[in-house]
Amino acid sequence: MNAMNSVTASMTASWNLLRRALLADGLVSGATGALMLAAASPLGGLLGLNETLLRVAGLSLLPFAALLVFLASRASVSHRLVWAIVGYNLLWALDSVLLLVTGWADPTALGILFTLGQALAVAAFAGLQYAGLRRVSPALA
């Protein structure tokens, strides 16, 4: 394998990491959003979280999920847009933790686990997207 083929293979693998991270985030975000929107009432009681909070959060996830799935299907993606997605994911994870520590919500033990679990998952997606973006364009990372 010559140097050019090696660089091309490396960039393809990097783009595949980014594409898979975007797709996985989109699928999980869409499923979580649909669940929170459709089942806000029973989830609210089970998790000890406000139904309106669950509905609004679920509704906000649906267009975000659609964007991620769309981007994962593209041949190329704006690096600035992926940076914005990484930032959005980190903000979501931080807001989830703040929801618990500020006393704004009074979740059940299951609600705490749900909130922390999804915060960790979202932070992990941000990390994978960052890693994929950095590999695709080290000069921008």
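All of these numbers come straight from a predicted model, not from anything done at the bench. Per-chain numbering applies: the sequence of each chain, read as written, is numbered from 1 onward. Per-residue local features are limited, in this predicted model, to residues with pLDDT of at least 70; the limit for side-chain atom pairs, both in listing and counting, is 80 or more; totals at the level of whole chains, interfaces and linings are taken over all residues. To get the side-chain values, all heavy atoms of the structure are used, and hydrogens and water are removed first.

Student: Help me understand the environment of Ala39, please; the structure alone is not making it clear to me.
Tutor: By the criteria applied, helices consist of DSSP H or I runs no shorter than four residues and strands consist of E runs no shorter than two, each listed in order from the N terminus. Secondary-structure assignment places Ala39 in the loop between helix H1 (3–38) and helix H2 (40–47). Separated by 15 residues in the primary sequence, Ala39 and Leu54 place their C-alpha atoms 8.7 Å from one another.

Student: Sorry, what's going on with the UniProt feature "transmembrane region" (unreviewed entry) in the protein chain here?
Tutor: UniProt positions are given in the numbering used here, feature names are shortened, and annotations may be inferred rather than shown by experiment. As annotated in UniProt, the feature "transmembrane region" (unreviewed entry) corresponds to residues 21–40, 52–72, 81–105 and 111–133 in the numbering used here. This span, residues 52–72, is 100% helix and 0% strand, and a straight line between its end C-alpha atoms measures 30 Å. Helix makes up 84% of residues 81–105 and strand 0%, and the two end C-alpha atoms of the span are 32 Å apart.

Student: Which parts of the structure should I look at to understand the packing of H2 against helix H3 (residues 51–72)?
Tutor: The relative placement of two packed helices is expressed as an angle between their axes plus a distance between the axes. Viewed as axis vectors pointing N to C, H2 and H3 meet at an angle of 125°, and their least axial separation amounts to 8 Å. Our classification of the angle between H2 and H3 gives oblique. In this structure, H2 crosses over H3, and the sense of that crossing is right-handed. Taking contact as the criterion, the partners of Ala40, Ser41, Leu43 and Gly44 in H2 are, on H3, Glu51, Leu54 and Arg55. Grouping the amino acids of the contact of H2 with H3 by side-chain chemistry returns three nonpolar, two polar and two charged. Angles run from 0 to 180 degrees between N-to-C directions of axes, and those axes are lines fitted to C-alpha atoms, restricted for helices to the stretch in contact. To sort the angles, those under 35 degrees are grouped as roughly parallel, those over 145 as roughly antiparallel, those from 65 to 115 as roughly perpendicular, and the leftovers as oblique. Note on convention: the crossing is left-handed when the near helix lies turned anticlockwise from the far helix by less than a right angle, right-handed when the turn is clockwise. Residue contacts are counted whenever heavy atoms from the two residues lie within 4.5 Å of one another. Note on residue categories: nonpolar means Ala, Val, Leu, Ile, Met, Phe, Trp, Tyr, Cys or Pro, charged means Asp, Glu, Lys or Arg, and polar means any other residue, Gly included.

Student: For this particular structure, what's the right way to read H2?
Tutor: In an α-helix there are 3.6 residues to a turn, and that puts residues three or four apart on one side. The buried label goes to any residue with under 20% of its type's maximum accessible area, the exposed label to any with over 50%, and the partly exposed label to all in between, with areas taken from a 1.4 Å probe on protein chains only. Every buried residue of H2 is accounted for by Ala40, Leu43, Gly44 and Leu47. Buried residues in H2, looked at end-on, bunch into an arc of 105°, giving them a common side. Residues of H2 that are exposed and angled more than 90 degrees away from the buried face: Pro42 and Gly45. Note on H2: the residue one or two positions beyond its end, Gly48, has a positive phi of about 75°. By definition, the arc is the one covered by directions from the helix axis to the C-beta atoms.

Student: Got a minute to help me understand the environment of Ala31 in this structure?
Tutor: Note on placement: Ala31 falls in helix H1. Judged by its relative accessible area of 48%, Ala31 falls in the partly exposed class.

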